Amino acid sequence: MKIEFENLSKQFEQGRRVLEPLDFSDDVHTMAIIGPSGGGKSTLLRILGGLIAPTTGILRVNGETVETNEAALQKYRRKLGFVFQQGGLFRHMNARANITTPLERVHGFSREEACERAMELLERFGLKDDWKKKPAELSGGQQQRVAIARAVAAKPRLLLLDEPTSALDPEYTTEVLDIVHELKEEGMDFIIVTHEMGFARHACDKIAFLCEGTLMEYGESERIFARPETENLRRFLGKLLQWNV
């Protein structure tokens, strides 16, 4: 998927600038956005997903400019899948309803089609027997698996994940990352904001290092980890990898 942006920036209330003007152009299949907290990673992902509009700049996907009016953004978002830190599941709905509701209300599936698709995904992700459970009755890993199932149910052209394992214990983190890797093997394009450096290095083709609102480094994942070019990236990786076994 071709992603391009020119002079893209974001400034929030009281003049607080989160993203400095950024320029980027590449064919993206699997990319990890890494960097220190507060560097603008989630903001950039939300702009790419049409959840917020940039303050300045132009975003293009496959050569088409993403307009920033709400009607255009709603149409654009229908083509994408989202997974957030806490999953964003509807707390009052069971696992199956969390998947079927967007399929019916947003994507025009019939009730029968939506249920069939939901159960197909729940079985695939090891949740067939848990479809009646509400989020509070599921483990953290199970909740995120439901969230991923919901995100890919309508077969989006791009999956966006914002630190989907940040609140999970290690065993649940592995569950979720394994599923994302399976989706990659099936040809799903995705962009993930993550602090899981092993996953970023081995499961993502490209790495974007965002620091202080600036895209300081970008390139093939193996090069980024083996030969970082900036002191900021070397320091960042050194801190994260210090205690790796």
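The sections below set out a description of the structure shown in this document. Note that this is a predicted model, so its numbers are computed, not measured.

Some points on the environment of Q142
- Considering the arrangement of structural elements, one finds Q142 in helix α5 (residues 140–152).
- With relative accessibility at 16%, the residue Q142 sits in the buried group.
- Beyond its immediate sequence surroundings of up to four residues, Q142 is in contact with L127, D130 and E175.

Description of the packing of aromatic side chains
- Enumeration according to the criterion identifies five aromatic pairs in this entry.
- Judged by centre distance (4.8 Å) and plane angle (85°), the rings of F24 and Y218 are edge-to-face. Residue F24 is located in strand β2 (residues 17–27), and its partner Y218 is located in strand β10 (residues 214–220); the two are separated by 194 residues in the primary sequence.
- Of the residues examined, F24 reaches a relative accessible area of 11% and is grouped as buried.

Observations concerning unusual backbone geometry
- Within the chain, N62 stands out as a residue other than glycine whose phi angle is a positive 50°.
- Mapped onto the secondary structure, N62 falls in the loop between β4 (56–61) and β5 (64–65).
- Residue N62 is classed as partly exposed on the basis of its relative accessible area of 42%.
- Located in the positive-phi region is E163, a residue other than glycine, with phi close to 45°.

Details of the sheet that holds strand β8 (residues 190–193)
- Spatially, the six strands line up as an open sheet ordered β6-β7-β8-β3-β9-β10, and their pairing is mixed. Edge strands, defined here as strands with exactly one partner in the open sheet, are β6 (80–83) and β10. On average, adjacent strands in this sheet sit at an angle of 15° to one another, irrespective of strand direction.
- Here β6 pairs with strand β7 (residues 158–162) via four bridges, running parallel. Note on β7: the bridge partner recorded for V83 is L161.
- Strands β3 (30–34), β9 (206–211) and β10 of the sheet are contacted by helix α9 (residues 231–241), whose axis makes an angle of about 100° with β9.

As for helix α4 (residues 111–124)
- Relative to the 20 Å expected for 14 residues at 1.5 Å per residue, α4 spans 20 Å between its end C-alpha atoms, a close match to the ideal helical length.
- Of all the positions in α4, only A114, C115, R117, A118, L121 and L122 are classed as buried. Across the axial projection of α4, the buried residues extend over an arc of 165°, all falling on one side. Those residues of α4 that are exposed and aimed more than 90 degrees away from the buried face are E112 and E116.
- Contact partners of the buried residues in α4: α3 (95–105) and α5.

Criteria and cut-off values
Residues numbered from 1 in each chain as written. Predicted model: local features only at pLDDT ≥ 70, side-chain atom pairs only at ≥ 80, totals over all residues. Heavy atoms only, no water. Helix = DSSP H or I, 4+ residues; strand = E, 2+ residues; numbered from the N terminus. Buried < 20%, exposed > 50% of the residue type's maximum accessible area, 1.4 Å probe, protein only. Contact = heavy atoms within 4.5 Å. Phe/Tyr/Trp six-rings, centres within 6.5 Å; stacked < 30°, edge-to-face > 60°. Pairing = 2+ DSSP bridges. Axes fitted to C-alpha atoms, helices over the stretch in contact; angles between N-to-C directions. Expected span 1.5 Å × (residues − 1). Arc of directions from axis to C-beta.

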